[in-house]
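Fold and geometry: a report
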Amino acid sequence: MASPAFEELVETFAFLDDWEDRYRHVIDLGKAFPPLDPAFQVAAFKVEGCASQVWLRPVLSGAGAGALFDFEGSSDAMIVRGLIAILHTLYAGRTVAEVGRIDAVAELGRLGLNEHLSSQRSNGLRAMVERIRQVAAAA
């Protein structure tokens, strides 16, 4: 069910043998991810439950279950910006109905990050996934 872009990301992470290389790659993804306009770094888009400052701004095209889901995001922590970029690869371009069916825990587990993220980062990642799912469900 994962997109070709996410499958490519899984392959890249499989190629990276140790956690340090994966960690650096997540940070590089964060650096490459387009910054969120500071005008959108407001309470309405802030994700609660993250140790870092995190904002996710949904961008929907169309209406109903067939509406296409996308989002912009940012964080004050580079590793978290990288996690946002990974979530973007997982969810962007899917219909809002598909977003609700993605097993984010299983998909992200394929990257081998779960055992290396701190509990705070893991909680923050779950909070971001939950926000994405809520927005998609409300659409």
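See the structure printed just above.
Residues numbered from 1 in each chain as written. Predicted model: local features only at pLDDT ≥ 70, side-chain atom pairs only at ≥ 80, totals over all residues. Heavy atoms only, no water.

Here we take up the overall build of the chain. For the chain, the count of helices and strands is six helices and two strands. Start at the N end of the chain and walk to the C end: the helices and strands fall as α-α-β-β-α-α-α-α. Scaling as 2.2 N^0.38, a compact globule of 139 residues should have a C-alpha radius of gyration of about 14 Å, and the chain matches this with 14 Å. Principal axes of the C-alpha set define a box for the chain whose edges measure 40 × 30 × 25 Å. For the chain, the proportion of its 139 residues judged to be buried stands at 42%. (Helix = DSSP H or I, 4+ residues; strand = E, 2+ residues; numbered from the N terminus. Rg over C-alpha atoms; globule rule 2.2 N^0.38 Å. Buried < 20%, exposed > 50% of the residue type's maximum accessible area, 1.4 Å probe, protein only.)

A complete count under the given rule lists two cavities of 30 Å³ or more for this structure. Size it by volume and the largest cavity reaches roughly 50 Å³. Lining the largest cavity are C50, A51, S52, V54, V80, L83, Q120, R121, G124, L125 and M128. Of all the secondary structure elements, the ones that give two or more residues to the lining of the largest cavity are α3 (78-91) and α6 (119-138). Of the residues forming the lining of the largest cavity, the biggest block, five residues, is contributed by α6. Its residues assigned to classes, the lining of the largest cavity comprises seven nonpolar, three polar and one charged. The calculated volume of the second largest cavity comes to roughly 40 Å³. When residues of the lining of the second largest cavity are traced back to their parent elements, those giving at least two are β1 (54-61), β2 (68-75) and α6. Residue classes in the lining of the second largest cavity are distributed as six nonpolar, no polar and two charged. (1 Å grid on protein atoms, 1.4 Å probe; cavity = no way out; pocket = protein on both sides within 12 Å on 5 of 7 lines; lining within 4 Å. Points joined across faces, edges and corners; volume = space filled by probe spheres on them. Nonpolar A, V, L, I, M, F, W, Y, C, P; charged D, E, K, R; others polar.)

This part is about the pairing of β1. Regular strands place side chains that alternate from one sheet face to the opposite one. Pairing between β1 and β2: eight bridges, direction antiparallel. Looking at β2, one finds that L56 is bridged to G73. Between β1 and the antiparallel strand that follows it, β2, lie six residues; G62 among them carries a positive phi value of about 95°. (Pairing = 2+ DSSP bridges.)

What follows concerns the packing of helix α2 (residues 19-32) against α3. Where α2 contacts α3, the axes come no closer than 7 Å and their chain directions differ by 80°. What the angle tells us is that α2 and α3 run roughly perpendicular. Only M78, I79, R81, G82, L83, A85 and I86 of α3 make contact with α2, whose side of the interface consists of Y23, V26, I27, L29, G30 and K31. Here the contact of α2 with α3 is composed, by residue class, of nine nonpolar, two polar and two charged. (Axes fitted to C-alpha atoms, helices over the stretch in contact; angles between N-to-C directions. Parallel < 35°, antiparallel > 145°, perpendicular 65-115°, else oblique. Contact = heavy atoms within 4.5 Å.)

Let's shift gears to the nonpolar core. Within the largest apolar cluster, 40 residues are counted, with the highest numbers of intra-cluster contacts made by I86, L87, Y91, L111, L113 and M128. Those elements that place two or more of their residues in this core are α1 (4-15), α2, β1, β2, α3, α4 (96-101), α5 (104-109) and α6. Looking at this core element by element, the count peaks at nine residues for α3. Leave out the neighbours within four places in its chain, and L87 touches F71, A92, L108, L125, M128, V129 and I132. (Core = buried A, V, L, I, M, F, W, Y, C linked by side-chain atoms within 4.5 Å.)

Just distances and angles here, no functional claims.
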